[in-house]
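# Working through the structure, step by step
Letter by letter, the chains look like this.
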Amino acid sequence: MSEVKIAAQLRTEFGKGAARRIRRAHQVPGVIYGHGQEPKHVSMPGHELLLALRTPNVLISLDIEGDGKELVIPKAVSRDPLKGFLEHVDLLAVKRGEKVTVEIVVSTEGELAPGGNLLEHVLNALPVEAEATHIPDGVTVSVEGLEAGTSILAKDIPLPKGTTLAVDEDTVVLQVVAAQAEAAAEGEGEEGEGAEGAEAAAE
């Protein structure tokens, strides 16, 4: 995976007021933690950080003014619920060659078997362990021809070399279910017929 370089500054002011001032300056407050070190409070350019976070589990090389460089990956991102701008970011310090546990996106390809079946994502993301500098963007699973009642387990998903599961291998990730719309419509029709029969009997 590619590495994104971003300049950062150490923060000396804390609290809601300080965070608002940082955001007014088009910066985003963040905290770096990990490796047993004391949390490091930084601010980063909002636009550059927003672009970087478009890539899941992006590897960021922070050049912290007066404090050297730090290799990090995002662990928690807070956004404004209405406007969507970045409010705060938690970052995990990592080292090259180090294994980390992250969640990767599971995408699907292909068409289910005919019959109005539906694909349910039991897990929205798959927990895996991978090298911090080689975290996969995601995995793709074929659902071609799968019928209702079929489940795809974690162990069924092909992972890139060097990546291992961080969840029980028998965990259900995807499952195919039969569409309920037709059954519901039939039930409503039967109820309607029953009601009409009752009305006829009353007459």
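Data block above holds the structure.
The structure displayed is predicted, hence computed values, not measured ones. Each chain has its residues counted from 1, running along the sequence as written. Given that this is a predicted model, residues contribute local features only at a pLDDT of at least 70 and side-chain atom pairs are listed and counted only at 80 or more, while totals for whole chains, interfaces and linings are drawn from all residues. The side-chain numbers reported here are obtained from all heavy atoms of the structure, hydrogens and water having been left aside.

### Focus: the overall build of the protein
As a reminder of what qualifies: Here a helix means four or more residues in a row that DSSP labels H or I, a strand means two or more in a row labelled E, and each is numbered from the N terminus. Per-residue accessibility, obtained with a 1.4 Å probe over protein chains only, is compared with the maximum for each type, and a residue is labelled buried under 20%, exposed over 50%, and partly exposed between these values. Between two residues, a contact is recorded if the distance between any of their heavy atoms is within 4.5 Å. We get accessible surface area from the Shrake-Rupley algorithm with a probe of 1.4 Å; when it comes to residues, only the shown protein chains can shield them.
In terms of helices and strands, the protein carries 3 helices and 13 strands. Counting every position in the protein, which comprises 203 residues, the buried fraction comes to 33%. Partitioning the intrachain contacts of the protein with sequence separation of at least 6 by distance along the chain shows that 64% fall at a separation of at least 24. When the accessible surface of the protein is totalled, it reaches about 12,100 Å², and 49% of it is carbon and sulfur.

### Focus: helix H1 (residues 16–24)
Cut-off, in case you're wondering: To obtain the arc, one takes the directions from the helix axis to the C-beta atoms.
Turning to H1, its buried residues are Ala18, Ala19 and Ile22. Mapping the buried residues of H1 onto a view down its axis gives an arc of 100 degrees, with all of them on the same face. Turned more than 90 degrees from where H1 packs its buried face, Lys16 and Arg24 sit exposed. Looking at the buried residues of H1, the elements they touch are strand E2 (27–34) and strand E3 (37–45). Looking one or two places after H1, you find His26, whose phi comes out positive at around 65 degrees.

### Description of the sheet that holds strand E8 (residues 118–121)
Inclusion rule: What makes two strands pair is DSSP finding at least two bridges between them. Orientation is described by lines fitted to C-alpha atoms, with helices fitted over the stretch in contact, and by angles between N-to-C directions that extend from 0 to 180 degrees.
The strand order E8-E13-E11 describes an open sheet built from 3 strands, whose pairing is antiparallel. Only two strands of the sheet have a single neighbouring strand rather than two, namely E8 and strand E11 (151–153). Across the sheet, the mean angle from the axis of one strand to that of its neighbour is 15 degrees, orientation sign disregarded. In this sheet, strand E13 (residues 172–177) lies alongside E11 in antiparallel orientation, the contact comprising 3 bridges. Paired with Ser151 across the two strands is Gln175, which belongs to E13.

### Considerations on the environment of Glu98
Along the chain, Glu98 falls in the loop between strand E6 (86–93) and strand E7 (99–109). We classify Glu98 as partly exposed; its relative accessible area is 25%. For the pair formed by Glu98 and Thr133, sequence separation is 35 residues and the distance between their alpha carbons is 8.0 Å. Each residue touching Glu98, except ones within four places of it in the same chain, is listed here: His35, Ala93, Ala130, Glu131 and Ala132.

### A few points about the nonpolar core
Quick note on the threshold: What is meant by a nonpolar core is a set of buried Ala, Val, Leu, Ile, Met, Phe, Trp, Tyr and Cys residues, joined one to another through side-chain atoms within 4.5 Å.
By size, the foremost hydrophobic cluster in this structure holds 24 residues, and its most contacted members are Ile73, Val94, Val106, Leu126 and Ile157. Here the element with the most residues in this core is E7; it accounts for 4 residues. Leaving out residues up to four positions away in the same chain, Leu126 has contacts with Val102, Glu103, Ile104, Val106, Ala154, Ile157, Leu159, Leu165, Val167 and Val173. In terms of nonpolar packing, the next biggest core, distinct from the first, is built from 18 residues, Ile6, Val28, Val42 and Leu62 among them.

### Description of the pairing of E13
Of the strand pairs in this sheet, E8 and E13 are connected by 4 bridges, and their pairing is antiparallel. What sits directly across from Glu120, in E13, is Gln175.

### A closer look at the sheet that holds E7
Two strands in a sheet stick together by hydrogen bonds in their backbones, pointing the same way (parallel) or opposite ways (antiparallel). Pairing in this open sheet of 4 strands is mixed, and the strands run E10-E7-E9-E12 from one edge to the other. Strand pairing shows two members of the sheet lacking a second neighbour, strand E10 (138–142) and strand E12 (164–165), which therefore form its edges. Bridge count between E7 and strand E9 (residues 125–131): 7 bridges; the pairing is antiparallel. If you follow Thr101 over to E9, its bridge partner there is Glu129.

### Section: the environment of Ala148
Summarising the element assignment, Ala148 is placed in the loop between E10 and E11. Judged by relative accessible area, which is 38%, Ala148 ranks as partly exposed. Separated by 27 residues in the primary sequence, Ala148 and Gln175 place their C-alpha atoms 7.9 Å from one another. Leave out the neighbours within four places in its chain, and Ala148 touches Asn117, Val176, Val177 and Ala178.

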